[in-house]
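The chain contents come next:
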Amino acid sequence: MSRISSTDDLDLAREGDNAAFTRLVEPLRRELHAHCYRMLGSVHDADDALQDALLRAWQGLGGFTGRGSLRSWLYTVATRTCLDVAAARGRRALPMDLGPSSDHAVVGAAPRTDVAWLEPYEQREAVELAFVAALQHLPGNQRAALLLFEVLGFSAAEIAGMMDTSTASVNSALARARRLVAERVPPANEHPVPERRVREIVAGYASALERGDADALVALLTADVTWSMPPLPHWYRGLPAVRDFAVRLPLSTCGSWWHRPAEANGQPAIACYLWDEAARAHLPWSINVLTLRDDRIAEITSFLDPALFARFGLPPAVS
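Bear in mind the structure is a predicted one, so any value in this text is a computation, not a measurement. (Residues numbered from 1 in each chain as written. Predicted model: local features only at pLDDT ≥ 70, side-chain atom pairs only at ≥ 80, totals over all residues. Heavy atoms only, no water.)

Caption draft 1: Main features of the side chain of Ser102. Position of Ser102 among the secondary structure elements: in the loop between α4 (70-89) and α5 (129-135). A residue is classified by how much of its surface remains accessible, and Ser102, at 13% relative accessible area, is buried. At 3.4 Å, the side chain of Ser102 and the side chain of His234 are in polar contact. (Helix = DSSP H or I, 4+ residues; strand = E, 2+ residues; numbered from the N terminus. Buried < 20%, exposed > 50% of the residue type's maximum accessible area, 1.4 Å probe, protein only. Polar contact = N/O pair within 3.5 Å; in protein donor to acceptor, adjacent residues only side chain to side chain.)

Listed below in structure tokens is the structure:
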């Protein structure tokens, strides 16, 4: 059987062959989904945006002239779709965006259901959580320009065509976006933490929680560590506040923990399971994303959403 070329598939797709269109976009689906996540800060919004973008692409395939690459054209469609979604749904937030940190443990806090919370991403193509969080503070055009230029490598001229604006406008948007992101994202580690040390930190963190060992946990943290737990609004900064929270809640009153290493946003993460007596098993509780600095944990972001576990390919229970 002769192999169908991408040119043949493009011709077939333009004639209404849905299977040919699927073959064209399937190799790009994963990276397009990652782009939608970066733009929107939500896996669920990325799912919806990508589905809508591919529908738009299918319906508008006649507008693709073939002068540029299909990949570039699909990124144009996906970016414009994400801009529409962002305008309609607003930005995603972390607890730090809502107010100052708490200096002691807040017990019994109710989740905030009126906030669209930032979500972690299970694919390696994602950029770090702090960068995605910072992007949420940018206007849509600046967010898109920065991602297309810095992450995906499109030129300012290409981005101008994709966003139907001038190269000068793109360069201006890039300059403003870089300034804001630089204010919100800590500089990267000058010397990346060796993989062996990353594994030690993850194992030590899990072990400390399972044993209820506050000293072992604190030994892994930077002096200015932060711990947040969306959808809970309260968050903590610095060793005294973080230790007080840890001692009063996860290390003592929550029950028995079981942990499994994971990865989110290209960072080390830990899937946390909490014992449920009725189920006689450890059930999903949170995905903890760790940000490391100088071989210590500088940020812990605990996403308290059991529904995330399926996205990460994690088991629904551990006995």
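Here the narrative resumes, following the displayed structure.
Caption draft 2: Main features of the sheet that holds strand β3 (residues 257-264). Ordered in space as β2-β1-β6-β5-β4-β3, the six strands form an open sheet in which the pairing is mixed. The sheet is open, and its two borders are formed by β2 (235-237) and β3, each paired with just one other strand. In this sheet, adjacent strand axes meet at a mean angle of 20° when their direction is disregarded. Two strands pair when backbone bridges link them, and strand β5 (residues 281-293) and strand β6 (residues 296-303) are joined in this way by seven bridges, in the antiparallel orientation. Residue Ile287 lies in a different strand from β6, and its bridge partner there is Phe303. Packed on one face of the sheet, helix α9 (residues 195-211) meets β1 (221-228), β3, β4 (267-276), β5 and β6 and runs near 150° to β3. Taken strand by strand, helix α11 (residues 239-248) contacts β1 and β2, and its axis lies near 50° from that of β1. (Pairing = 2+ DSSP bridges. Axes fitted to C-alpha atoms, helices over the stretch in contact; angles between N-to-C directions. Contact = heavy atoms within 4.5 Å.)

Caption draft 3: The arrangement of the packing of aromatic side chains in detail. A complete count under the given rule lists nine aromatic pairs for this structure. On the basis of an interplanar angle of 55° and a centroid distance of 5.3 Å, the ring pair of Phe21 and Trp58 is categorised as tilted. Here Phe21 is found in helix α2 (residues 18-40), whereas its partner Trp58 is found in helix α3 (residues 43-59), with 37 residues between them in sequence. Look at Phe21 and you get buried, because its relative accessible area is 6%. (Phe/Tyr/Trp six-rings, centres within 6.5 Å; stacked < 30°, edge-to-face > 60°.)

Caption draft 4: Molecular detail of the environment of Arg197. Its location among the elements puts Arg197 in helix α9. A relative accessible area of 17% means that Arg197 is categorised as buried. Considered as a pair, Arg197 and Asp164 are 33 residues apart in the sequence and their alpha carbons are 46 Å apart.

Caption draft 5: Structural context of the pairing of β1. Within β1, six of the eight residues are buried, which leaves it mostly tucked inside the rest of the structure. As paired elements, β1 and β6 share four bridges and run parallel to each other. The partner of Ser228 across the bridge, within β6, is Thr301. Relative to β2, β1 runs antiparallel, the two sharing three bridges. Paired with Thr226 across the strands is Arg237, a residue of β2. Here β1 hands over to β2 after six residues, the two strands then running antiparallel side by side.

Caption draft 6: Just α9, in detail. Across its 17 residues, α9 extends 24 Å between first and last C-alpha, which sits within 8% of the 24 Å expected from 1.5 Å per residue. Taken as a whole, α9 has its buried residues at Arg197, Val198, Ile201, Val202, Tyr205, Ala206, Ala208 and Leu209. On its buried face, α9 sits against α10 (214-218), β1, β3, β4, β5 and β6. In the stretch just after α9, Gly212 is the one whose phi turns positive, near 70°. (Expected span 1.5 Å × (residues − 1).)

Caption draft 7: Layout of the nonpolar core. Of all hydrophobic cores here, the largest spans 72 residues; its most connected members are Tyr37, Trp73, Leu74, Leu146 and Ile287. Among the elements that line this core, the one with the most residues is α2, at eleven residues. Trp73 has contacts with Ala57, Gly60, Leu61, Gly63 and Phe64, leaving out every residue within four places of it along the chain. Counting residues in hydrophobic clusters, the runner-up holds 31 residues, among them Leu217, Trp227, Ala246 and Trp257. (Core = buried A, V, L, I, M, F, W, Y, C linked by side-chain atoms within 4.5 Å.)

Caption draft 8: Layout of the environment of Pro230. Position of Pro230 among the secondary structure elements: in the loop between β1 and β2. Separated by 37 residues in sequence, Pro230 and Val193 have C-alpha atoms that sit 27 Å apart. Excluding residues that lie within four positions of it along the chain, Pro230 makes contacts with Leu94, Pro95, Trp117, Thr301, Ser302, Phe303 and Leu304.

Caption draft 9: Inspection of α4 at higher detail. A rise of 1.5 Å per residue sets the reference length of α4, with its 20 residues, at 28 Å; its end C-alpha atoms lie 28 Å apart and thus fit the reference within 8%. Within two residues after α4, Gly90 carries a phi angle of roughly 80°, on the positive side.

Caption draft 10: Local environment of unusual backbone geometry. For the bond running from Pro230 to Pro231, omega is 20°, close enough to zero to count as cis. When you line up the elements, Pro231 lands in the loop between β1 and β2. The phi angle at Asp164 is positive, at roughly 55°, despite the residue not being glycine. By secondary structure assignment, the location of Asp164 is in the loop between α7 (156-162) and α8 (167-184). The residue Arg280 is not glycine, and still its phi comes out positive at about 55°. Mapped onto the elements, Arg280 comes out in the loop between β4 and β5.

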